[in-house]
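Chain residues, written in single-letter form:
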Amino acid sequence: MQIVKRLLDFYLNSSVHVALSVYALVKITGFLFQISTIENTALFAFFGTIVAYNFVKYDALARIRKIQLRKQLKAIVVLSFLSFLACGFYFFQLASQTKIVALVFLLLTLLYTLPFFPNRKNARNWAGVKIYIVTLCWVGVTLFLPIFDSGYPLTIAVFLVAVQRYILIFVLVLIFEIIDLQYDDPHLKTVPQQIGVGRTKTLGALLLVGFIVLEFLYADFNWPSLILKSGIAGSVLLFLLFAHENRSKYYSAFWAESIPILWWILLVLFQ
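Keep in mind the model is a prediction, meaning the values are calculated, not measured.

A. Examining the overall build of the protein more closely. Check the secondary structure of the protein and you find 12 helices and zero strands. Reading the secondary structure of the protein in the N-to-C direction produces α-α-α-α-α-α-α-α-α-α-α-α. Out of the 271 residues in the protein, the part that is buried amounts to 46%. As displayed, the protein offers around 14,400 Å² of accessible surface, 69% of which is attributable to carbon and sulfur atoms.

Structural data, given as structure tokens:
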């Protein structure tokens, strides 16, 4: 049992699970817009997420030498390096315009992590900004990257999906912010720090209602899609409502983060 826990911890700590969620959302984009040549973009996003998340999580600690290279961390470094090579390979498989979009989100990630300006903190520590940068990056990588790479036109449907995905990711991040409330620096001014846990849950619930209402605006509206997205929104809502500061890390980092993967699997199986 201890071995299983160690493997699960490595799977989560090395950002493979969150990368799989990103991969799933890219594949969902391909499904929604009938993009068949999406695998290069999906794999670029998968390996890029491992590199970016591990860089964000461990860079600052490594630079100020607050962590030692334990066995698991050494394995994460090796995995991140191999992922970096794979990410570079798939980057050169992308279309020229997609490379530009990818570089924009790379700059956002660096801005989020590194203090570019003298005597200034990185964007991750700018009050109230973290959730918007994270959500924007997820929408950009999982939606606009494959859209640009395939040459698909920027239709109203694309922007509707963008708003829905922004809402979904935003609410998922709210779950993390509630659970991390006792650890986050008060100066971060996360949503729960600013308006409280109760109002954060109300805000998330209202946003999810908007997520469902937007479904009726599609020109090709269909009931199976509405039912599926309602189920996904309902799942996110349950995780949000039962989130609190004493939840284990698996509640958000594994179970809540699995919702995009579940969505992708259901799309493959039933539509």
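That covers the picture; the talk isn't over yet.
B. Main features of helix α9 (residues 197–213). When the terminal C-alpha atoms of α9 are compared, their 24 Å separation across 17 residues agrees well with the 24 Å that a helix rising 1.5 Å per residue should span. Where α9 is concerned, the buried positions are Thr200, Lys201, Gly204, Leu208, Phe211 and Ile212. For α9, the angular spread of buried residues about the axis comes to 120°, placing them on one side. The outward face of α9, more than 90 degrees from its buried face, is lined by the exposed residues Arg199 and Leu206. Against α7 (156–179), α8 (191–195) and α10 (223–241) lie the buried residues of α9.

C. Examining the side chain of Thr49 more closely. Mapping Thr49 onto the fold places it in helix α3 (residues 39–63). Look at Thr49 and you get buried, because its relative accessible area is 7%. Ignoring anything within four residues of it in the chain, the contact list for Thr49 reads Val18, Ala19, Val22 and Asn54.

D. Region of interest: the packing of aromatic side chains. In the structure shown here, the tally under the stated rule is 16 aromatic pairs. Between Phe47 and Tyr90, the ring centres sit 6.2 Å apart and the planes meet at 5°, which makes this aromatic pair stacked. Linking Phe47 in helix α3 with Tyr90 in helix α4 (residues 71–91), this pair joins segments that are 43 residues apart in sequence. In this pair, the class of Phe47 matches that of Tyr90, namely buried. When the ring of Phe254 is compared with that of Trp255, the centres are 4.8 Å apart and the planes differ by 85°; the resulting orientation is edge-to-face. Phe254 sits in the partly exposed class, given a relative accessible area of 21%. Here the aromatic residues Tyr23, Phe46, Phe47, Phe89, Tyr90 and Trp264 are joined through ring pairs into a cluster of three or more. Its guanidinium or amino end placed over the ring of Phe91, Lys99 lies 5.9 Å from that ring's centre, counting from NZ or CZ.

E. Here's a closer look at the layout of surface pockets. What the second largest pocket holds in volume is close to 380 Å³. Taken together, 22 residues form the lining of the second largest pocket, with Leu32, Tyr218, Asp220, Asn222 and Ser225 sitting closest to its centre. For the lining of the second largest pocket, the element with the most residues is α7, which contributes four residues. Classifying every residue of the lining of the second largest pocket gives 15 nonpolar, four polar and three charged.

F. The arrangement of the packing of helix α2 (residues 16–32) against α7 in detail. Where α2 meets α7, the closest approach of the two axes is 13 Å, and the angle between their N-to-C directions is 155°. Relative to α7, the element α2 lies roughly antiparallel. For the crossing formed where α2 meets α7, the hand is right-handed. Only Val161, Arg165 and Ile169 of α7 make contact with α2, whose side of the interface consists of Leu25, Ile28, Thr29 and Leu32. Of the residues contributing to the contact of α2 with α7, the split by class is five nonpolar, one polar and one charged.

Parameters at a glance
- Residues numbered from 1 in each chain as written.
- Predicted model: local features only at pLDDT ≥ 70, side-chain atom pairs only at ≥ 80, totals over all residues.
- Heavy atoms only, no water.
- Helix = DSSP H or I, 4+ residues; strand = E, 2+ residues; numbered from the N terminus.
- Buried < 20%, exposed > 50% of the residue type's maximum accessible area, 1.4 Å probe, protein only.
- Areas by Shrake-Rupley, 256 points an atom, 1.4 Å probe, with all protein chains shown as cover.
- Expected span 1.5 Å × (residues − 1).
- Arc of directions from axis to C-beta.
- Contact = heavy atoms within 4.5 Å.
- Phe/Tyr/Trp six-rings, centres within 6.5 Å; stacked < 30°, edge-to-face > 60°.
- Lys NZ or Arg CZ within 6 Å of the ring centre and 35° of its normal.
- 1 Å grid on protein atoms, 1.4 Å probe; cavity = no way out; pocket = protein on both sides within 12 Å on 5 of 7 lines; lining within 4 Å.
- Points joined across faces, edges and corners; volume = space filled by probe spheres on them.
- Nonpolar A, V, L, I, M, F, W, Y, C, P; charged D, E, K, R; others polar.
- Axes fitted to C-alpha atoms, helices over the stretch in contact; angles between N-to-C directions.
- Parallel < 35°, antiparallel > 145°, perpendicular 65-115°, else oblique.
- Left-handed = near helix turned anticlockwise from the far one by under 90°.

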